[in-house]
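# Per-entry structural report
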Amino acid sequence: MRLLTQSGPTLAEHEAMHGRLTLPPRVQLLDAVEAAGLLGRGGAGFPTARKMRTVGAGKHPAVLGNACEGEPASRKDVQLLTRHPHLVLDGLAVAAAAVGAKDVHLALHADSPALPVLRAALAERRQPVTLHEVPRRYTASEETALISFVNTGTAKPLFTPPRPFEQGIAKRPTLVNNAETLAHLALIARHGPAWFREVGDPEEPGTLLLTVDGAVVEVPSGRPLRQVADLGGKQAVLVGGYFGTWISVAQAHEVTLTHRDLRAAGGALGAGIVLTLPAGSCGLVETARVAAYLANENAGQCGPCFNGLPAIANAVRALAVGPWDEATMVALDRWLGVVPGRGACHHPDGAVRFVLSALAVFAQDVAAHRAGHPCAGAHAASVLPVPRRGAA
Amino acid sequence: MRLRVNPIECAAHGLCAELLPEWVSLDEWGYPAVDDQPLPAQLVKDAKRAAAACPTLALKLLHD
Ligand SMILES: Cc1cc2nc3c(=O)[nH]c(=O)nc-3n(C[C@H](O)[C@H](O)[C@H](O)COP(=O)(O)O)c2cc1C
Ligand code: SF4
């Protein structure tokens, strides 16, 4: 374990475990992050060094840590932040040094249990970090929504360009990184790139924090999925959370936990969320509930999204529990084709991908439901967590 | 040059589809779907007119 050690949350315990952080010169830091090959852990797997170089080349850059963890089935960031807040704060210091930023921010959901822990941790250090309490909405933690929240108090995605690395907080080029990405930076600055590459897949090195059916584990990247999730008696696996895709159990037995492998299987590693669906439940009913949640979480800004996602969610619901009609199913196919790529942010793209993967993986159920035979699992207890509306 | 819609500003007035039907179609809710390929030279003039005519200035001409 690199990130999730036995260390307690205080600065003294943190330094006893990892040693004190001394910041190497900026050029050396950038080279180390690049040589380490660190990919962002917020979902897209973007090379951290590349963003850093762009941001660092601009005037008066800023850094924003994304500790919101908007995916309802993810627990990894909140575990990391509550158990090891100083790793993330060290990471912010490293990121700021690497891009030459004096303006440093950290965004969390307003109701996050990690907030008091971070406040206590910040009180132990001399490090100016501005904490932002973001409303708990799915799209509020998309990076341009966070920029907008810091700049104006409204956490809704913005039209791009400009991307945050071009123009973000107070129009400054802004490095946005996930909390886990920052924690890895804290260790790369201490131990160097060769150490970082000692574990994990050579192209996507290091360890990953995963949330597997609600439990957080740290594993080297490249681990076979079957070794981290219990696939016995399961009918499908959702990988990557609600921005991810369903894959069949047969596929789940084959893939390893890398962006490369999961992409090749038509899926996505995303932020490391794995949910297994027991044989007794109905994948379509589960999908319908999440599709309704995602539709409800649209930011109400873009026509194709605020019209398309509710229409899609209602059609998936009809497919799952009735009333079934052919015209709705024809429309569903059309909507799944016209909605992606037409929002300001990628929220509609993720929702459509999620539904499309369900229609493919649960194709037999779709056929049965269409024939008027919904499965027995339609009334089984729900498996995928969906936050209650208006929870914050 | 390419045409893009800022979907946040777009309010489905639909003028763009009238002025540039070769490149813009409307979905069933009245919102434009725009071809994101480079604009052919002969359409650039009409594209500029469509962009200027949009009441919310949501249609953007972006240089490659
Ligand atoms: C709808 C939506 C929600 C997102 N929510 C989060 C989130 O809660 N936490 C996060 O780290 N990234 C989230 N992202 C990704 C961020 O936009 C951004 O890519 C990420 O924070 C960059 O960090 P990384 O490079 O370290 O991965 C979200 C993206 C989208 C489209
Ligand atoms: S695409 Fe949807 S979620 Fe994203 S900004 Fe537009 S309305 Fe909001």
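By convention here, each chain's residues receive numbers from 1 onward along its written sequence. Here every chain gets a letter starting at A, and every ligand a number starting at 1, in the order they are written. With the structure being a predicted model, the display of local features is reserved for residues of pLDDT at least 70 and the display and counting of side-chain atom pairs for 80 or more, all residues being used for whole-chain, interface and lining totals. The basis for every side-chain value is the complete set of heavy atoms in the structure, and neither hydrogens nor water enter the calculation.

### Re the site of ligand 1
Residue and element names in this part refer to chain A. What counts, and what does not: Near, as used in this document, describes a residue that has one of its heavy atoms within 4 Å of the molecule or strand being considered. Here a polar contact means two N or O atoms within 3.5 Å. Within protein one must be a hydrogen donor candidate and the other an acceptor candidate, and residues neighboring in sequence count only if both atoms are side-chain atoms. Note on areas: Shrake-Rupley with a 1.4 Å probe; residue coverage comes only from the protein chains shown. The helix and strand labels rest on DSSP assignments: H or I over at least four residues marks a helix, E over at least two residues marks a strand, and numbering proceeds from the N terminus. Residue type decides the class: Asp, Glu, Lys and Arg count as charged, Ala, Val, Leu, Ile, Met, Phe, Trp, Tyr, Cys and Pro as nonpolar, and the leftover types, Gly among them, as polar.
Among the 17 residues in the neighbourhood of ligand 1, the closest are listed as Gly42, Lys51, Gly70, Asn178 and Thr181. A distance of 2.7 Å is found between an oxygen atom of ligand 1 and a side-chain nitrogen or oxygen belonging to Thr181. Here ligand 1, which alone exposes 620 Å², has 88% of that area covered by the protein. The dominant element in the shell around ligand 1, judged by the number of residues it contributes, is strand S4 (residues 174–178), at three residues. Considering only residue class, the shell around ligand 1 consists of four nonpolar, eight polar and five charged.

### Here's the deal with the packing of aromatic side chains
Residue and element names in this part refer to chain A. Going by this rule: Between rings of Phe, Tyr and Trp, where Trp is taken as its six-membered ring, a pair exists when centres lie within 6.5 Å; planes separated by under 30 degrees are stacked, by over 60 edge-to-face, and by other angles tilted. Relative accessibility under 20% of the residue-type maximum defines a buried residue, over 50% an exposed one, and the middle range a partly exposed one, all with a 1.4 Å probe and only protein chains included.
All told, the structure shown has seven aromatic pairs over all chains when counted by the stated rule. A centroid spacing of 6.0 Å and a plane angle of 85 degrees characterise the contact between Tyr138 and Tyr293, whose relative ring orientation is edge-to-face. Pair noted here: Tyr138 is in the loop between strand S3 (130–134) and helix H7 (143–152) and Tyr293 is in helix H12 (residues 283–296), with a separation of 155 residues, a long-range link. Both residues of the pair, Tyr138 and Tyr293, count as buried. An aromatic cluster is defined as three or more aromatic residues linked by ring pairs; in this entry it consists of Tyr138, Tyr242, Trp246, Tyr293, Phe354 and Phe362.

### Overview of the sheet that holds strand S9 (residues 234–239) of chain A
Remark on secondary structure: sheet strands pair via backbone hydrogen bonds, oriented parallel or antiparallel. Residues and elements named next belong to chain A. Under the convention used in this document: By this definition, two strands are paired if DSSP reports at least two bridges between them. For every element, the axis is a line fit to its C-alpha atoms; helices are fit only across the contacting stretch, and the angle between N-to-C directions ranges from 0 to 180 degrees.
On the basis of which strands lie adjacent, the open sheet formed by five strands has the order S8-S7-S11-S9-S10 and mixed pairing. Bordering the open sheet on either side are strand S8 (215–220) and strand S10 (245–248), each of which pairs with just one other strand. For this sheet, the mean inter-axis angle between neighbouring strands, taken without regard to orientation, is 30 degrees. The pairing of S9 with S10 spans four bridges and is classified as antiparallel. Across the sheet, the residue bridging to Leu238 is Trp246, located in S10.

### Things to note about the packing of helix H13 (residues 303–321) of chain A against helix H14 (residues 326–338) of chain A
All names here are of chain A. The condition that has to hold: If an angle is under 35 degrees, it is roughly parallel; if it is over 145, roughly antiparallel; if it lies from 65 to 115, roughly perpendicular; otherwise it is oblique. The handedness criterion is simple: a crossing whose near helix is rotated anticlockwise from the far helix by less than a right angle is left-handed, and one whose near helix is rotated clockwise is right-handed. The contact criterion used is simple: two residues touch if any of their non-hydrogen atoms lie within 4.5 Å.
The interhelical angle for the contact between H13 and H14, taken along N-to-C directions, is 140 degrees, at an axis separation of 9 Å. By the angle between their directions, the pair H13 and H14 is classed as oblique. Handedness of the H13/H14 crossing: left-handed. Residues Ala311, Ile312, Ala315, Val316, Ala318 and Leu319 of H13 form the contact with H14, whose participating residues are Thr328, Met329, Leu332, Trp335 and Leu336. Partitioned by chemical class, the residues of the contact of H13 with H14 number ten nonpolar, one polar and no charged.

### Regarding the pattern of salt bridges
Going by this rule: Any Lys or Arg side-chain nitrogen located within 4 Å of an Asp or Glu carboxyl oxygen qualifies as a salt bridge.
Inspection of every chain in the model, using the stated rule, returns 22 salt bridges over all chains. Put simply, A:Arg342 and B:Asp27 hold a salt bridge, and the shortest N to O gap is 2.9 Å. Highlighted residues: A:Arg342 in the loop between H14 and helix H15 (347–361) and B:Asp27 in the loop between strand S2 (24–26) and strand S3 (32–34), drawn from two different chains. With respect to class, A:Arg342 is no different from B:Asp27; both count as buried. Several salt bridges share partner residues, and in doing so they unite A:Arg41, A:Lys76, A:Asp77 and A:Glu180 into one network.

### Let's talk about the domain arrangement of chain A
Residue and element names in this part refer to chain A. The cut-off we apply is this: Note: domain ranges come from an automatic or database domain assignment. In this description, buried area is defined as the sum, over both parts, of the accessible area (probe of 1.4 Å) that is lost when the two are combined.
Taken domain by domain, chain A comprises domain 1 (11–198), domain 2 (201–278) and domain 3 (283–390). Computed over C-alpha atoms only, the centres of domain 2 and domain 3 are separated by 22 Å. Taken together, the contact between domain 2 and domain 3 spans 14 residues of the former and 19 residues of the latter. In this assembly, domain 2 packs against domain 3 so that about 1,300 Å² is buried in total across both faces, 73% of it on carbon and sulfur atoms.

### A short note on the nonpolar core
Residues and elements named next belong to chain A. Counted only if it meets this: Put simply, buried Ala, Val, Leu, Ile, Met, Phe, Trp, Tyr and Cys residues joined by side-chain atoms within 4.5 Å make one nonpolar core.
Met52, Val63, Leu92, Leu106 and Leu185 are the most contacted members of the largest nonpolar core, which totals 49 residues. Sorting the residues of this core by element identifies helix H2 (26–36), helix H3 (48–57), helix H4 (76–83), helix H5 (85–99), strand S2 (103–109), helix H6 (114–123) and helix H8 (179–196) as the ones contributing at least two each. If you tally residues by element for this core, the top one is H5, at ten residues. In this view, Leu185 contacts Val33, Leu38, Met52, Gly91, Val94 and Ala95; residues no more than four positions away in its chain are not counted. By size, the runner-up hydrophobic cluster in this structure holds 46 residues, among which are Ala73, Tyr293, Val316 and Leu332.

### Topic: the confidence of the model for chain B
All names here are of chain B. Applied cut-off: Residue-level confidence of the predictor is summarised by pLDDT, bounded by 0 at the bottom and 100 at the top.
Taken residue by residue, chain B gives an average pLDDT of 95. The fraction at 70 or more is 100%. Put simply, strand S4 (residues 59–62) is where chain B has its lowest mean pLDDT, 93, and S2 is where it has its highest, 96. For this predicted complex, the interface score ipTM comes out at 0.95, alongside a pTM of 0.95.

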